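What follows is each chain in one-letter form.
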Amino acid sequence: MPRTDQQLLETLQYAAMEAPDLGATWPSGLWTRDEILSYLNERQSRFLKASLIQLGIATHTGILARQAIITLPPDWIATVSVVWYGDDGQVKELVRSDSFEIDHGQVDWTITADTPLVYLDYSTPTLQLQIGPLPDVGGQIQLLYVAQGAPLTGDGDTILSLPDEFAEAAAKYGPLADMFGKDGRGKNPEKAGYAQSRYQLGLDAAAIILRGRT
Amino acid sequence: MAYTQYTLADLEARLAARYESVPFWTQPEARQAINEALCTWNMLTGRWVTRAVMATTPNEYEYVTPAPISYRTRVLWNNRPLSASSREDFNNGRPNWRQETTGSGGAVPTRPMLWAPVSLELIYIWPADLLGHNSLTIDGIMATPQLTVAGDFVDLGEDDLSVLLGFCLHVLTFKKGSVWFQATLPYFTAFLRAAAAENQLITTSQIYRVYMGIDRRDLKPIRGITTPPAMAGLIPGEEG
């Protein structure tokens, strides 16, 4: 049963000894509602990126010959794989590379078209990806990526973008680590350290499920 | 004791029997703690399993596991098990694997032989089923039973119930912290130990090793790194 953002906020209220009201108010003054929501959203995205348990698939069709720049989806966080489907029937998973490697490995890659071999996402502007060498034929790209979770607004309409099994790690103990690790009257290193370790335990469990090892 | 179906009311009564006087938590908190214990137990051990059957699609190598499977553990094609692999092994072993089907001939098998987990819900099979419409059976872990009303029930053994209730007490004392929380750490380690007995892969987790007190960084000093002070007081016998 997916958790709504208000249920998550109330769980945090219980853990922080605030009066439970679905996250509407935080009367202690140690944290604000917007602050808690930002912790929730950040931890959700960090967990998704680190664990790779939920991935998005985007297909970019209509890529022209010699077109190297691909626009990434607006909810993109990290790229997992890029597969080139050429109109000539070639299907190839592109290897992640960088500009230094391809500039020195294939010096004329920006001029001479060929079957794409690599993708670069480090040296391109935000939300852009480059493939190289330039494709000699048109085609399409299938992108497997980590998508940002649905923004948690606290209005009760949004559910956590993670299974229940990982909800505690990502949406309870992650934000608690941030809350009790914050410098100020609410700082509690013991609770922050424990909460962070529970968050990490969730990541380790996700790694074991996906890869059989941490 | 054989597996029994415990209702939420049973679990709450069992939890109440483990403390005296007036607790510093409310009934909604206790219910949340029970559900957190169930979710964490399922995450670490994959206790609640289920099976789903779907049809293969012609020339398709990519499949999304259907609900109610939370994550998959075993895949069968026409009741014949596929061996587990990985996307990296597919790419390194057969660079053109995406284009290969059961009708490709040559060294490509005539039935799917391997499957690779990509995410919790996405798997690849190799080679792709050329004709499709065959059965693809997915064994996996179902979503954790969440108990919201008194009559909701969950399958549990008596031995599991003991560690789960101890874990609930540990979760409930977090908000109080200090000596009350530290006093419940043995319940948490017992929970982890029981989970590790069900799923030994957990013992490879660094966090597990820290909690169990077997993370002896003092025996292998690396650039003066020591156990973080925040963790120091949590490990019996460890000094900061």
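Residues numbered from 1 in each chain as written. Chains lettered and ligands numbered in written order. Predicted model: local features only at pLDDT ≥ 70, side-chain atom pairs only at ≥ 80, totals over all residues. Heavy atoms only, no water.

**Considering the overall build of chain B**
Check the secondary structure of chain B and you find 8 helices and 10 strands. When the 240 residues of chain B are sorted by exposure, 50% land in the buried category. In chain B, 72% of the contacts between residues at least 6 apart in sequence involve partners at least 24 apart. Entry remark: accessible area of chain B is about 11400 Å², with carbon and sulfur atoms responsible for 54%. (Helix = DSSP H or I, 4+ residues; strand = E, 2+ residues; numbered from the N terminus. Buried < 20%, exposed > 50% of the residue type's maximum accessible area, 1.4 Å probe, protein only. Contact = heavy atoms within 4.5 Å. Areas by Shrake-Rupley, 256 points an atom, 1.4 Å probe, with all protein chains shown as cover.)

**A few points about the packing of aromatic side chains**
By the definition in use, this model includes 21 aromatic pairs over all chains. Geometrically, the ring pair formed by A:Trp31 and A:Phe180 is edge-to-face, given 5.7 Å between the ring centres and 90° between the ring planes. With A:Trp31 in the loop between α1 (5–15) and α2 (33–51) and A:Phe180 in helix α4 (residues 164–181), this pair connects stretches of sequence that are 149 residues apart. Here A:Trp31 and A:Phe180 have matching classes, each one buried. Grouped by ring-pair contacts, the aromatic residues A:Trp31, A:Tyr173, A:Phe180, A:Tyr194, B:Trp41, B:Phe167, B:Phe174, B:Phe181, B:Phe188, B:Phe191 and B:Tyr211 constitute a single cluster. Its end group placed over the ring of A:Tyr199, A:Arg43 keeps NZ or CZ at 4.4 Å from the ring centre. Directly above the ring of B:Trp180 sits B:Lys176, whose terminal nitrogen or CZ lies 4.6 Å from the centroid. (Phe/Tyr/Trp six-rings, centres within 6.5 Å; stacked < 30°, edge-to-face > 60°. Lys NZ or Arg CZ within 6 Å of the ring centre and 35° of its normal.)

**Some thoughts on the nonpolar core**
In globular proteins that are soluble, nonpolar side chains generally tend to be buried together. One finds A:Phe47, A:Phe166, A:Leu176, A:Met179, B:Leu156 and B:Leu192 to be the most contacted residues of the largest nonpolar core, which totals 98 residues. Those residues within four positions of A:Leu176 in sequence are excluded, and the remaining contacts are A:Leu12, A:Ala15, A:Ala195 and B:Phe174. Core analysis: the next-biggest nonpolar cluster, separate from the first, contains 14 residues, A:Ala58, A:Leu72, A:Val82 and A:Tyr119 among them. (Core = buried A, V, L, I, M, F, W, Y, C linked by side-chain atoms within 4.5 Å.)

**So, the interface of chain A and chain B**
Each side of the interface is counted separately: chain A has 47 residues, and chain B has 55 residues. Across the interface of chain A and chain B, roughly 4200 Å² is buried in total on both sides, 59% from carbon and sulfur atoms. On the chain A side of the contact with chain B, A:Tyr14, A:Glu165 and A:Tyr194 bury the most area, a combined 18% of that side's loss. Put simply, chain A and chain B have 4 salt bridges between them. The partner of B:Glu36 in a salt bridge is A:Arg198, with the nearest N and O atoms 3.3 Å apart. For the side of chain A that touches chain B, the secondary-structure elements that each account for two or more residues are α1, β3 (76–86), β4 (91–96), β7 (139–147), α4 and α5 (189–211) of chain A. When residues in the side of chain A that touches chain B are grouped by element, the largest group, 15 residues, is from α5(A). Its residues assigned to classes, the side of chain A that touches chain B shows 25 nonpolar, 12 polar and 10 charged. (Buried area = accessible area lost by both parts, 1.4 Å probe. Salt bridge = Lys/Arg side-chain N within 4 Å of Asp/Glu carboxyl O. Nonpolar A, V, L, I, M, F, W, Y, C, P; charged D, E, K, R; others polar.)

**Section: the layout of surface pockets**
Space inside the largest pocket adds up to approximately 540 Å³. Along the walls of the largest pocket sit 25 residues, with A:Thr11, B:Pro28, B:Arg31, B:Gln32 and B:Asn35 positioned nearest its centre. Looking at the lining of the largest pocket, the elements with two or more residues in it are α1 and α4 of chain A together with α2 (27–45) and α4 (158–172) of chain B. Sort the elements by how many residues they give to the lining of the largest pocket and α2(B) lands first, with 7 residues. (1 Å grid on protein atoms, 1.4 Å probe; cavity = no way out; pocket = protein on both sides within 12 Å on 5 of 7 lines; lining within 4 Å. Points joined across faces, edges and corners; volume = space filled by probe spheres on them.)

**Overview of the confidence of the model for chain B**
All names here are of chain B. In the predicted model, chain B carries a mean pLDDT of 87, and 90% of its residues have values of at least 70. Throughout residues 235–240 the model reports pLDDT below 50, and contacts reaching past four residues in sequence, or to other chains, amount to 7 contacts. Model confidence for the complex is summarised by a pTM of 0.88, with the ipTM given as 0.89. (pLDDT = per-residue confidence, 0-100.)

**Here's the deal with the pattern of salt bridges**
Taken as a whole and judged by the stated rule, the model has 19 salt bridges over all chains. Across the salt bridge formed by A:Lys182 and A:Glu35, the nearest N and O atoms sit 3.1 Å from each other. A residue pair is termed long-range when its members are at least 10 positions apart, and A:Lys182 in the loop between α4 and α5 and A:Glu35 in helix α2 qualify at 147 residues. A residue is classified by how much of its surface remains accessible, and A:Lys182, at 29% relative accessible area, is partly exposed. Residue A:Asp121 is joined to A:Arg96 by a salt bridge in which the shortest nitrogen-to-oxygen separation is 3.0 Å. Taken together, the residues span a long stretch of sequence, with A:Asp121 in the loop between β5 (118–120) and β6 (128–132) and A:Arg96 in strand β4 at a distance of 25 residues. The network of salt bridges with shared partners includes A:Glu93, B:Arg87, B:Glu88 and B:Arg98.

**A look at the sheet that holds strand β4 (residues 69–77) of chain B**
All names here are of chain B. Here 4 strands make up an open sheet; going across it, the order is β2-β9-β4-β5 and the pairing antiparallel. At either end of the open sheet lies a strand with only one pairing partner, and these are β2 (49–55) and β5 (80–81). Both β4 and β5 contribute to a ladder of 2 bridges, which runs antiparallel. From the neighbouring strand, leucine 76 faces β5, where its bridge partner is proline 81. (Pairing = 2+ DSSP bridges.)

**Structural notes on α4(B)**
Residue and element names in this part refer to chain B. Taking 1.5 Å per residue, 15 residues should reach 21 Å; α4 reaches 21 Å between its end C-alpha atoms and fits that length. In terms of burial, α4 is largely enclosed, as 12 of its 15 residues are buried. Listing the buried residues of α4 in full gives Asp160, Leu161, Val163, Leu164, Leu165, Gly166, Phe167, Cys168, Leu169, His170, Val171 and Leu172. (Expected span 1.5 Å × (residues − 1).)

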